[in-house]
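# Observations on the model geometry
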Amino acid sequence: MTTPQHYETLFHRHPRNPILTAADWPYPAHTVFNPGATRLRDGTTLLLCRVEDRRGHSHLCAARSANGVDGWVVDASPTLRPEPEKYPEELWGIEDPRITFVEELGKYAVAYTAFSKGGPGVALALTEDFCHFERHGLVMQPDDKDAALLPRRINGSFALLHRPVTDSGAHVWMSFSPDLRNWGGHKLVLPARRGAWWDANRVGLSPPLIETPRGWLMLYHGVRRTGAGSLYRLGAALFDLETAQQCLLRGDSWIFGPETPYEREGDVGYVTFPCGYTLGADGDAINLYYGAADTSVALATGSISRILQWLDRNGQCADRTGTEG
Ligand code: BMA
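Anyway, here's the lowdown on the structure attached to this text. (Residues numbered from 1 in each chain as written. Predicted model: local features only at pLDDT ≥ 70, side-chain atom pairs only at ≥ 80, totals over all residues. Heavy atoms only, no water.)

## Examining the overall build of the protein
Rule in force here: Numbered from the N terminus, helices here are DSSP runs of H or I no shorter than four residues, and strands are runs of E no shorter than two. For the radius of gyration, the atoms used are the C-alpha atoms, and the globule rule reads 2.2 Å times the number of residues raised to 0.38. By definition, residues are in contact when any of their heavy atoms lie within 4.5 Å. Computed with the Shrake-Rupley method and a 1.4 Å probe, the accessible areas treat only the protein chains shown as cover for residues.
What the protein contains, in helices and strands, is two helices and 23 strands. Its C-alpha radius of gyration of 18 Å places the protein within 12% of the 20 Å reference for a compact globule of 325 residues. Expressed along its principal axes, the backbone C-alpha trace of the protein runs to roughly 60 × 45 × 45 Å. Counting contacts in the protein only where the partners sit at least 6 residues apart, residues at least 24 apart contribute 50% of the total. For the protein, the exposed surface amounts to about 13800 Å²; the carbon and sulfur share of it is 50%.

Below you can see the structure in the form of structure tokens.
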């Protein structure tokens, strides 16, 4: 008799999930989800959560914890509020932050979605302490979201991953800047597949890229549109270390998706949406923080080397995973 084969589990849900909900908030909040994440110098885990109010508008609020699981201390009031008087692109709120520590600047770069009448666009702010923010305003005009800065320059330029939407679909692009204000050199780096694929027509960066000795590991979301709604699931791809633009391997299957009640039931069911991660002391363990059903914050843990091994077995090189796939 042959032993049945199962899909490999690359991310394990934390038994205390969801680890943060609106009930943990010190002020009125409808939902808390899609957090950016980083580990501060003293080892504290900081989550910058998207908090939606009952108007439907979002702002960002920091929660800090010594172990990244519980004992969260949430800022008493919004940490980064929309400022539509100065930044009209934030009229309907700010959403889905991705945090990158930029060594050269000694600052954290927060890329987030600014939402207004023009549609969702990408905005950037720098901070040293998550109390004071230096806003750069809109860096990518609508319709664009799912952005994160790389932690260092690529061939002399800052590099931003983002997801513009065009008639041809929603694909991941990379753009370059000498000063974080002027952007160019736009390059398509990860196209959505077509047809029946789990990541057909619409993909987007999930957390910021993860640097490994073998290349930049990208975790990205694919959106499957069905008669019952959309399914947001996670896939993996590997890009070359030098340019971060050449896709070396792209996984064929998704590796994480909505399964539990808190991921399937909520304001927007069947959504797992990671915007941040932290690494363990060994540099291999990964804590992935994700929004569950646009309602709460959850945590799943995995191993980077195992994801890379999985990609070796289940990935194809880029020229075989293009839109013709
Ligand atoms: C995406 C983003 C996310 C959200 C997801 C599911 O387009 O707006 O903020 O979690 O849809 O609703």
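## Thoughts on the side chain of R135
Rule in force here: Think of a polar contact as two N or O atoms within 3.5 Å of one another; within protein, one of them needs to be a possible hydrogen donor and the other a possible acceptor, and neighboring residues in sequence only count if both atoms come from side chains.
When you line up the elements, R135 lands in strand β9 (residues 133-140). Side-chain polar atoms of R135 contact the side chain of E90, separated by 2.9 Å.

## Digging into the side chain of S65
Along the chain, S65 falls in strand β4 (residues 58-65). Within the structure, S65 has its side chain in polar contact with the backbone oxygen of D70 (distance 2.7 Å). Leave out the neighbours within four places in its chain, and S65 touches T44, T45, D70, G71 and W72.

## Re the sheet that holds β4
This is how it is decided: When DSSP finds two or more bridges between two strands, those strands count as paired.
Taken together, four strands build an open sheet; the order of strands is β2-β3-β4-β5 and the sheet is antiparallel. Either end of the sheet is taken by a strand with one partner, and the two such strands are β2 (31-39) and β5 (73-74).

## A short note on helix α2 (residues 304-314)
Residues lying three or four places apart along an α-helix face the same way, a consequence of the helix completing one turn every 3.6 residues. Quick note on the threshold: Note on exposure labels: buried denotes an accessible area under 20% of the residue type's maximum, exposed denotes more than 50%, and partly exposed covers the range between, all computed with a 1.4 Å probe on protein chains only. Throughout, the arc means the angular range of directions from the helix axis out to the C-beta atoms.
By the burial criterion, the buried members of α2 are I304, I307, L308, W310 and L311. End-on view of α2: buried residues confined to an arc of 160 degrees, all on one side of the axis.

## So, the nonpolar core
For the record, the criterion: Nine residue types can take part in a nonpolar core, namely buried Ala, Val, Leu, Ile, Met, Phe, Trp, Tyr and Cys, and a core is a set of them joined through side-chain atoms within 4.5 Å.
Counting residues in each nonpolar core, the largest one holds 24 residues, and the members touching the most others are F11, L217 and L219. Counting residues per element, the ones that place at least two in this core are β17 (215-226), β18 (229-239), β21 (285-292), β22 (296-303) and α2. Here this core takes five residues from α2, the largest share from any one element. Apart from residues lying up to four places away in sequence, F11 is in contact with L219, L234, I255, F256, I286, L288, A300, T301, G302 and I307. A148, L161, F176 and W198 belong to the second-largest nonpolar core, a separate cluster that totals 22 residues.

## Observations concerning the site of the ligand
Defined as follows: The cutoff for a nearby residue is simple: one of its non-hydrogen atoms must lie within 4 Å of the molecule or strand.
Taken together, the neighbourhood of the ligand is formed by N34, R50, D96, K145, Y232, V268, V271, F273 and D294. The separation between an oxygen atom of the ligand and a polar side-chain atom of D96 is 2.5 Å. Contact between the ligand and K145: an oxygen atom at 3.2 Å from a side-chain N or O atom of the residue. Here the ligand, which alone exposes 310 Å², has 83% of that area covered by the protein.

## As for the pattern of salt bridges
To be explicit about the condition: Any Lys or Arg side-chain nitrogen found within 4 Å of a carboxyl oxygen on Asp or Glu counts as a salt bridge.
Per the stated rule, a full pass over the model turns up 21 salt bridges. Ionic pairing is found between E263 and R13, a salt bridge with its closest N-O pair at 2.8 Å. Note that E263 is positioned in helix α1 (residues 261-264) and R13 in strand β1 (residues 12-13), a separation of 250 residues in sequence. Since its relative accessible area comes to 0%, E263 is described here as buried. Using a relative accessible area of 23% as the deciding quantity, one classes R13 as partly exposed. Residue E52 is joined to R50 by a salt bridge in which the shortest nitrogen-to-oxygen separation is 3.6 Å. One network of salt bridges, with partners in common, ties together R50, E52, E95 and D96.

## A few points about the pairing of strand β3 (residues 45-52)
The buried fraction of β3 is high, at eight of eight residues. Residues T45, L47, C49 and V51 point to one face of β3 and L46, L48, R50 and E52 to the other, with burial holding for every one of them. When β2 meets β3, the two strands line up antiparallel, connected through seven bridges. Bridge pairing in β3 links A37 to L47. Hairpin connection between β2 and β3: a loop of five residues separates the two successive antiparallel strands, and G43 in this loop has a positive phi of roughly 95 degrees. In sequence, β3 turns back onto β4 through a hairpin of five residues, with G56 there showing a positive phi of about 100 degrees.

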